Amino acid sequence: MDSREVIVVTGGKPISGTVHIGGAKNSVLKLMAASVMAQGETRLDNVPLISDVDVMCEVLETIGAKVERGEQRGEGRHTLFIETSDLTSYRTPYELVAKMRASISILGPLITRFGRACVAMPGGCQIGSRGLDMHISSLEALGVQFDMSHGYINATTPNGLIGAEIILDFQSVGATENLMMASVCAKGTTAIHNAACEPEIVDLAEFLNSMGAQIEGAGTPNVIIHGVSELHSTTHKTVGDRIEAGTFLVAGAVTGGPVTVEGVNPDHLGLALKKLHEMGADLVITDNMVTFERTEELRPTDIQTLPHPGFPTDLQAQFMVLASLARGGSIITENVFENRFMFAAELARMGADIRIDGHHALVNGVSHLSGAPVNSTDLRAGAALVIAGLVADGPTCVYSIHHIDRGYEDYVGKLCALGADIERVQAQALSL
């Protein structure tokens, strides 16, 4: 458990109001990595203030990039300037890369920029093995040769990058992204079949195209990349974070709301909004916002996580909280990450009735939850435990909140602004 700070939330206060959603964590880290493929200064707007962005900034600085926050130039604090004209290294250090799995996204850009890369094996996640085999085999099809030793991935391109037709074993977001970034300057045309279709893939493609790439079909299972000779720096606004939006909609759902999230494309929340409606939500949807209100009891529903446009695995824990308070039984099936049900044991400490059977969670709704000390097992689990605390009897103390800081900007502050009784405190100061 985190020995420094904890989040203490006392249930019983309904929340309502409007939350502005920041840039997508699952997109901005890849945009930052992709910036190294072109010389010059790239400007990224709508960059969330989260610890994973801080780590990626350090990764870029270790290879010679100059990264400046907007405040340093009199701009907004959600703007980043990344100057990549004088990169000095194609190596990324273990001490940084091991903190964050998304750092593997630097592999494709380094190969494009230098023709080689030396990247430490990534870490930063407890929810599943998520092996790199598909990244490696797919990049090999483009002419990359690999040597895996001493905890590092060493990549070379002795004959250059050459376009190829590649069929992914499954719709891996990371493999699709690395392939897109490695193939934009390959000779000829690359076709990626069974590609991931997430909105963040589309955001990356739009970013790369603004740098001079020629990518077609992003957001569909078939992505075509016509290789170009070089890329140039660009300006880009990060897409809104659909997972943050879904998290705050669920937070409103447990107390009734109304809660409005703005700054997100509702189309990116398709199946999550459908499930909220099935569970008793009244939804008002406009171009860039969604308002949720619930005036009746929560109803049970069944959920299966799947690649987009299926139900997002990153909202599974949050919806498990809703299911635990619904009148009746729900079945939640996790098809993406094998360890994502670790969270269920922590929710059970608060009185939830959950039985795990393989990759299924059988959730029987209970009348109430009780505040308890609980531990964030991963990023989304931590956010979900805080949501559970909003309606639990008494205080809930959430530990290991560094996970939450990886993907949510000012999570406590935003919930507090909605009316929640919540604060961050030093763990040693607790008197509970």
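Our subject is the structure that appears above.
Nothing here was measured: the structure is a model prediction, and the numbers come from that model.

Caption draft 1: Region of interest: the environment of Ile 50. With respect to the element layout, Ile 50 can be found in the loop between strand 3 (41-45) and helix 2 (51-62). According to the relative accessible area criterion, Ile 50 is buried, its value standing at 2%. As a C-alpha pair, Ile 50 and Ile 153 span 103 residues in sequence and 27 Å in three-dimensional space. Those residues in contact with Ile 50, other than ones at most four positions away along the chain, are Lys 25, Asp 405, Arg 406, Gly 407, Tyr 408 and Glu 409.

Caption draft 2: Layout of the sheet that holds strand 14 (residues 235-237). If you walk across this open sheet you meet the four strands as 4-5-3-14, and the pairing is mixed. Each edge of the sheet is formed by a strand with only one pairing partner; in this case those strands are strand 4 (66-69) and strand 14. When strand polarity is set aside, the average angle formed by the axes of neighbouring strands in this sheet is 15 degrees. Here three bridges tie strand 3 to strand 14, and the two strands are oriented parallel to one another. Residue Asp 45 lies in a different strand from strand 14, and its bridge partner there is Lys 237. Lying on the sheet, helix 2 is in contact with strand 4 and strand 5 (80-83); it crosses strand 4 at an angle near 145 degrees.

Caption draft 3: Looking closely at the pattern of salt bridges. Within the structure shown, the criterion is met by 17 salt bridges. Beyond isolated ion pairs, a larger network of salt bridges with shared partners links Glu 5, Asp 405 and Arg 424.

Caption draft 4: Summary view of the nonpolar core. By size, the foremost hydrophobic cluster in this structure holds 70 residues, and its most contacted members are Met 32, Leu 107, Met 180 and Leu 208. Apart from the residues within four sequence positions on either side, Met 32 is in contact with Leu 44, Val 53, Met 56, Cys 57, Leu 60, Leu 80 and Ile 82. The next biggest cluster of nonpolar side chains, apart from the first, holds 69 residues, and it includes Val 9, Ala 253, Ala 272 and Ile 354.

Caption draft 5: Summary view of the pairing of strand 8 (residues 145-149). As judged from the five bridges shared by strand 8 and strand 9 (residues 152-156), these two strands associate in the antiparallel manner. The residue of strand 9 that forms the bridge with Met 148 is Ile 153. Where strand 8 folds back on strand 9, the antiparallel hairpin that results is connected by two residues, among which His 150 adopts a positive phi of roughly 55 degrees.

Caption draft 6: Seen up close, unusual backbone geometry. Residue Pro 258 is bonded to the preceding Gly 257 through a cis peptide linkage, with omega at 5 degrees. Here His 308 and Pro 309 are connected by a cis peptide whose omega angle stands at 15 degrees. Mapped onto the fold, Pro 309 is located in the loop between strand 18 (303-304) and helix 10 (316-325). For Asn 194, which is not glycine, the phi torsion reads 60 degrees and is therefore positive. Not every positive phi belongs to a glycine, and Asp 410 is a case in point at roughly 50 degrees.

Caption draft 7: Structural view of the packing of aromatic side chains. Tallied over the entire structure, the rule returns four aromatic pairs. Arranged with centres 5.6 Å apart and planes meeting at 65 degrees, the rings of Phe 248 and Tyr 411 form a pair that is edge-to-face. One end of the pair, Phe 248, is in helix 8 (residues 242-255); the other, Tyr 411, is in helix 14 (residues 411-417), and 163 residues separate them in sequence. Of the residues examined, Tyr 411 reaches a relative accessible area of 3% and is grouped as buried. Between Phe 311 and Phe 319, the ring centres sit 5.0 Å apart and the planes meet at 85 degrees, which makes this aromatic pair edge-to-face. In this structure an aromatic cluster arises from ring pairing among Phe 248, Tyr 408 and Tyr 411. Just above the ring of Phe 81 sits the side chain of Arg 73; from NZ or CZ to the centre is 4.1 Å.

Caption draft 8: A look at the packing of helix 5 (residues 133-140) against helix 6 (residues 173-183). At a closest axis distance of 9 Å, the pairing of helix 5 and helix 6 adopts a crossing angle of 25 degrees. Accordingly, the angle class assigned to the pair helix 5 and helix 6 is roughly parallel. Two packed elements cross with a definite hand, and for helix 5 against helix 6 that hand is right-handed. Where helix 5 approaches helix 6, its residues Met 134, His 135, Ser 138 and Leu 139 are matched on the opposing element by Gly 174, Ala 175, Asn 178, Leu 179 and Ala 182.

Thresholds applied
- Residues numbered from 1 in each chain as written.
- Predicted model: local features only at pLDDT ≥ 70, side-chain atom pairs only at ≥ 80, totals over all residues.
- Heavy atoms only, no water.
- Helix = DSSP H or I, 4+ residues; strand = E, 2+ residues; numbered from the N terminus.
- Buried < 20%, exposed > 50% of the residue type's maximum accessible area, 1.4 Å probe, protein only.
- Contact = heavy atoms within 4.5 Å.
- Pairing = 2+ DSSP bridges.
- Axes fitted to C-alpha atoms, helices over the stretch in contact; angles between N-to-C directions.
- Salt bridge = Lys/Arg side-chain N within 4 Å of Asp/Glu carboxyl O.
- Core = buried A, V, L, I, M, F, W, Y, C linked by side-chain atoms within 4.5 Å.
- Phe/Tyr/Trp six-rings, centres within 6.5 Å; stacked < 30°, edge-to-face > 60°.
- Lys NZ or Arg CZ within 6 Å of the ring centre and 35° of its normal.
- Parallel < 35°, antiparallel > 145°, perpendicular 65-115°, else oblique.
- Left-handed = near helix turned anticlockwise from the far one by under 90°.

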